[in-house]
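# Structural features, examined
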Amino acid sequence: MTNPLTVAVLGPGGTGGLLAALLSRSGHRVICLAREATADALRRTGITVRSPQFGDFTASVEADTELREPVDACLITVKHTALDAALTRVPPAALGDALAVPLLNGVEHPAALRAGYRPDRVAPAVIRVESTRTAPGVIEHGSPFTEVDLAGQTVPRARLDALADHLTASGVNARVVGDETAALWAKMAFLAPFALLTTRYGVPLGEARTRHRAELEALVAEAAAVGRASGAPTDPAGALARYDAFPPAAKSSMQRDAEAGRPLELDAIGGALLRAAERHGVPVPVTERLVRELRDSGH
């Protein structure tokens, strides 16, 4: 392989662990950044992936509690609830000229990252995948697809293209898109209805899209309206078609967090959607109700 990369992965969970393993299997040097216990486990046993798309395999990775050397890119794959604490593992001086590539849910994190790192090296990305960490270094990848859109208008295009090419060669369907706002809102407009509805009712997508169809359609319309007001083209009919094509047992990551008693990304997803709706004067009554009910239930 020509010009292998050195890639740091901050948060080797369901998403980060999958990408770390795929990149390592393709010949890149991967340094996972995590808590000491997780870093120890990864150094000992690597990352095992079980996947219908990629097969079952184990890839070796390096691991540390902090970035201590130059890398080409740092994939930021923690949950939004853990972002501030996790970023202490990536000192700005250590990151330097590397691309900072957040693959987080929501739309508000790029501004925070640009305040702490080189703004012209922050490359927001979105990933479409269902992947879960079942133990340190053990990843269950359930979706028949893994798609990444890379953006960042101020980032050198050649750097984005090179990263997309390497991700694609590793098995990910990666592409560079021109409009960061459109990419982030396209994910948000799809994710928010899925996450809020499945988590509120505690049911997989197949049940949510049939038993709660009217609410799903209302949530999709509201999210699309906010996305349009925020400057992003949205496709509510396409979103509904994608929900209908998903395996009926699919669960959102927010629902999995709720089931496991972990903190929810409710503010990064539902809260951010409500804040954007308020800024633009877009009424979103169904979204408001579901977010309120989730918060009232202790989330």
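The structure this text deals with has already been given above.
Below, the structure is looked at part by part. Treat the numbers as computed from the prediction; the structure is a model and nothing was measured.

Calculation criteria
Residues numbered from 1 in each chain as written. Predicted model: local features only at pLDDT ≥ 70, side-chain atom pairs only at ≥ 80, totals over all residues. Heavy atoms only, no water. Buried < 20%, exposed > 50% of the residue type's maximum accessible area, 1.4 Å probe, protein only. Helix = DSSP H or I, 4+ residues; strand = E, 2+ residues; numbered from the N terminus. Arc of directions from axis to C-beta. Contact = heavy atoms within 4.5 Å. Polar contact = N/O pair within 3.5 Å; in protein donor to acceptor, adjacent residues only side chain to side chain. Salt bridge = Lys/Arg side-chain N within 4 Å of Asp/Glu carboxyl O. 1 Å grid on protein atoms, 1.4 Å probe; cavity = no way out; pocket = protein on both sides within 12 Å on 5 of 7 lines; lining within 4 Å. Points joined across faces, edges and corners; volume = space filled by probe spheres on them. Nonpolar A, V, L, I, M, F, W, Y, C, P; charged D, E, K, R; others polar. Pairing = 2+ DSSP bridges. Axes fitted to C-alpha atoms, helices over the stretch in contact; angles between N-to-C directions. Phe/Tyr/Trp six-rings, centres within 6.5 Å; stacked < 30°, edge-to-face > 60°. Lys NZ or Arg CZ within 6 Å of the ring centre and 35° of its normal.

Now for helix α2 (residues 36-45). The complete set of buried residues in α2 reads Thr-38, Ala-39, Ala-41 and Leu-42. In a view along the axis of α2, the buried residues occupy a sector of 160°, so they form one face of it. The exposed residues of α2 that point more than 90 degrees off its buried face are Ala-37 and Arg-44. For α2, the secondary structure elements touched by its buried residues are β2 (29-33), β3 (47-50), β5 (62-64) and β9 (131-135). Positive backbone phi, approximately 70°, marks Gly-46, located one or two places after α2.

This paragraph deals with the side chain of Thr-146. With respect to the helices, strands and loops of the structure, Thr-146 is situated in the loop between β10 (138-141) and β11 (147-150). Using a relative accessible area of 1% as the deciding quantity, one classes Thr-146 as buried. In terms of polar contacts, Thr-146 uses its side chain to reach the side chain of Gln-53, at 3.0 Å. Ignoring any residue separated from it by four or fewer positions in sequence, one finds Thr-146 in contact with Leu-18, Gln-53, Phe-54, Ile-127, Arg-128, Val-129, His-141, Val-172 and Asn-173.

All right, on to the pattern of salt bridges then. Where charged atoms from two side chains of opposite charge approach closely, those side chains can pair. Per the counting criterion, the structure on display carries 29 salt bridges. Here Arg-114 makes a salt bridge to Glu-180, at a shortest N to O gap of 2.7 Å. Of this pair, Arg-114 sits in helix α5 (residues 109-116) while Glu-180 sits in helix α7 (residues 180-201); the two residues are 66 residues apart in sequence, bridging distant segments of the chain. Taking relative accessible area as the criterion, Arg-114 reaches 23% and is therefore assigned partly exposed. For Glu-180, a relative accessible area of 11% puts it in the buried group. Here Glu-215 makes a salt bridge to Arg-289, at a shortest N to O gap of 2.7 Å.

Moving on to the layout of surface pockets. The calculated volume of the largest pocket comes to roughly 1300 Å³. Lining the largest pocket are 43 residues, with Gly-13, Gly-14, Thr-77, Val-78 and Lys-79 sitting closest to its centre. Of all elements in the fold, only α1 (14-25), α3 (83-87), β8 (125-128), β9, α7 and α11 (253-260) reach the threshold of two or more residues within the lining of the largest pocket. A per-element tally of the lining of the largest pocket places α7 first, with 4 residues. Across the lining of the largest pocket, the residue classes tally to 18 nonpolar, 12 polar and 13 charged. Roughly 360 Å³ of internal volume is contained in the second largest pocket. Along its surface, the second largest pocket is lined by 22 residues, and Ala-186, Lys-187, Pro-233, Asp-235 and Arg-242 are the ones closest to its centre. Broken down by element, the residue count for the lining of the second largest pocket peaks at 6 residues, all from α7. Of the residues in the lining of the second largest pocket, the class split is 13 nonpolar, 2 polar and 7 charged.

What follows deals with the sheet that holds β10. The mixed open sheet is built from 4 strands, whose spatial order is β4-β3-β10-β9. Every interior strand has two partners, whereas the edge strands, β4 (57-59) and β9, have only one. For this sheet, the mean inter-axis angle between neighbouring strands, taken without regard to orientation, is 25°. By the bridge criterion, 3 bridges tie β3 to β10 in an arrangement that is parallel. Directly across from Thr-48, in β10, lies its bridge partner Val-138.

Attention now moves to the packing of aromatic side chains. Where two aromatic rings form a pair, the distance of their centres and the angle of their planes describe that pair. Per the counting criterion, the structure on display carries 6 aromatic pairs. Here a set of aromatic residues connected by ring pairs shows up, and it is made of Phe-145, Phe-190, Phe-194, Tyr-243 and Phe-246. Looking at Arg-25, its charged tip hangs above the ring of Phe-57, at a distance of 3.9 Å from the centre. Over the ring of Phe-190 we find Arg-242; its NZ or CZ atom is 3.9 Å from the centre of that ring.

One key point about sheets: their strands pair by backbone hydrogen bonds, in either a parallel or an antiparallel sense. Read across the sheet, 5 strands follow the order β5-β2-β1-β6-β7 without closing on themselves; strand pairing throughout is parallel. Strand pairing shows two members of the sheet lacking a second neighbour, β5 and β7 (99-102), which therefore form its edges. The average undirected angle you get between the axes of adjacent strands in this sheet is 20°. Across 4 bridges, strand β6 (residues 73-76) lies against β7 in parallel orientation. Pairing of Ala-73 across the sheet is with Leu-99, part of β7.

Just geometry here; none of it tells us what the structure is for.
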